[in-house]
Amino acid sequence: MNRQVTLRVVEKKRAYEDIVEQVVALIAAGKLKQGDQLPSERDLTEIFKVSRTTVREAIRTLESMKYLQCRQGTGNYILASSEADLIQPLATALFNARDDIRDIFYIRKIIEPQIASLAAENATPQDIEEVEKILRMQETCIQRGENIIETDSAFHNHIAGASRNRVMGRLMLALVDLLRQAREEYLTEGESNLRAKKSLAGHLEVLSALRKGDAEGAKNAMLEHVEEIERIVFQKKGRR
């Protein structure tokens, strides 16, 4: 790595998740930036006091969440992918700050259930496993009273990827990026723990349908989830 960062020994239980959380936190804090190289697997096993298998599991998870790029023979690098670089211009072109959030939620209710339906049809066992990992991390964050915004974004982004429809996936990424501020507010202010639990419950319903390959069930579960979040957001706005 090119700059000084602090990493700590991880807990043994689900240690790879702790590694993922630490790396994501460093990225969010700006201490790890695009192009930075992580230490070698051997060095990471020494830093975290875990097996190389655990380190590799964490690296695979970070790669699936688009935080990391693994380059054969050279190492692992913090990633701002070309796909991610497309999202901000797309969001700017499609939407602007003056758009009514109700209109944006209306579009979400059209797009996200369809994406979930496609994900149920096209998700691989590895996709399902990665969504499960993300939701376990989200549950851990809730138990610790931590912000779940990163795992929330990772869930929606991974469902979009599992749909195997790149155009709809990009639209979804743009919507998630555009609504980040509103999502940060309802997931961090006031009764944030209850709201976070409701968000996780909705995610688990979608996951259940994905496991079954139930396209209609995934579609309905995602619609119910988005509608629940919409109610939370506008109840909060109504109290202001």
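Located above this text is the structure these notes cover.
Let us look at the structure shown here. Fair warning: this is a prediction, and the values are worked out from it, not measured in the lab.

1. With respect to the pattern of salt bridges
Evaluation of the coordinates by the stated rule reveals 15 salt bridges. Across the salt bridge formed by K49 and E46, the nearest N and O atoms sit 4.0 Å from each other. With relative accessibility at 51%, the residue E46 sits in the exposed group.

2. With respect to unusual backbone geometry
Residues other than glycine seldom take positive phi values, yet K49 does so here, at roughly 60°. Relative to the elements of secondary structure, K49 occurs in the loop between helix 2 (41–48) and helix 3 (52–64). K49 gets classed as partly exposed once you look at its relative accessible area, which sits at 43%. In the Ramachandran plot, R164 falls in the positive-phi region, its phi being about 65° despite a non-glycine side chain. Its location among the elements puts R164 in the loop between helix 7 (149–162) and helix 8 (166–178). A relative accessible area of 44% means that R164 is categorised as partly exposed.

3. Overview of helix 5 (residues 101–122)
Look at helix 5: 30 Å from first C-alpha to last across 22 residues, which is about the 32 Å you get at 1.5 Å a residue. Remark: the principal bend of helix 5, roughly 25°, maps to R108. The set of residues buried in helix 5 consists of I101, I104, F105, R108, I111, E112, P113, I115, A116, S117, A119 and A120.

4. So, the packing of aromatic side chains
Applying the stated rule across the entire model yields zero aromatic pairs. When the ring centre of Y77 is taken as reference, the NZ or CZ atom of R71 above it lies at 4.0 Å.

5. Focus: helix 7
The first and last C-alpha atoms of helix 7 sit 20 Å apart over 14 residues, in line with the 20 Å expected at 1.5 Å per residue. Across the 14 residues that make up helix 7, a large majority, 11, are buried. I149, T151, D152, S153, A154, F155, H156, H158, I159, A160 and A162 are the residues of helix 7 that are buried. Immediately beyond the C-terminal end of helix 7, within one or two residues, lies R164, with a positive phi of roughly 65°.

Rules used throughout
- Residues numbered from 1 in each chain as written.
- Predicted model: local features only at pLDDT ≥ 70, side-chain atom pairs only at ≥ 80, totals over all residues.
- Heavy atoms only, no water.
- Salt bridge = Lys/Arg side-chain N within 4 Å of Asp/Glu carboxyl O.
- Buried < 20%, exposed > 50% of the residue type's maximum accessible area, 1.4 Å probe, protein only.
- Helix = DSSP H or I, 4+ residues; strand = E, 2+ residues; numbered from the N terminus.
- Expected span 1.5 Å × (residues − 1).
- Bend = angle between axes of the 7 residues up to and from the residue.
- Phe/Tyr/Trp six-rings, centres within 6.5 Å; stacked < 30°, edge-to-face > 60°.
- Lys NZ or Arg CZ within 6 Å of the ring centre and 35° of its normal.

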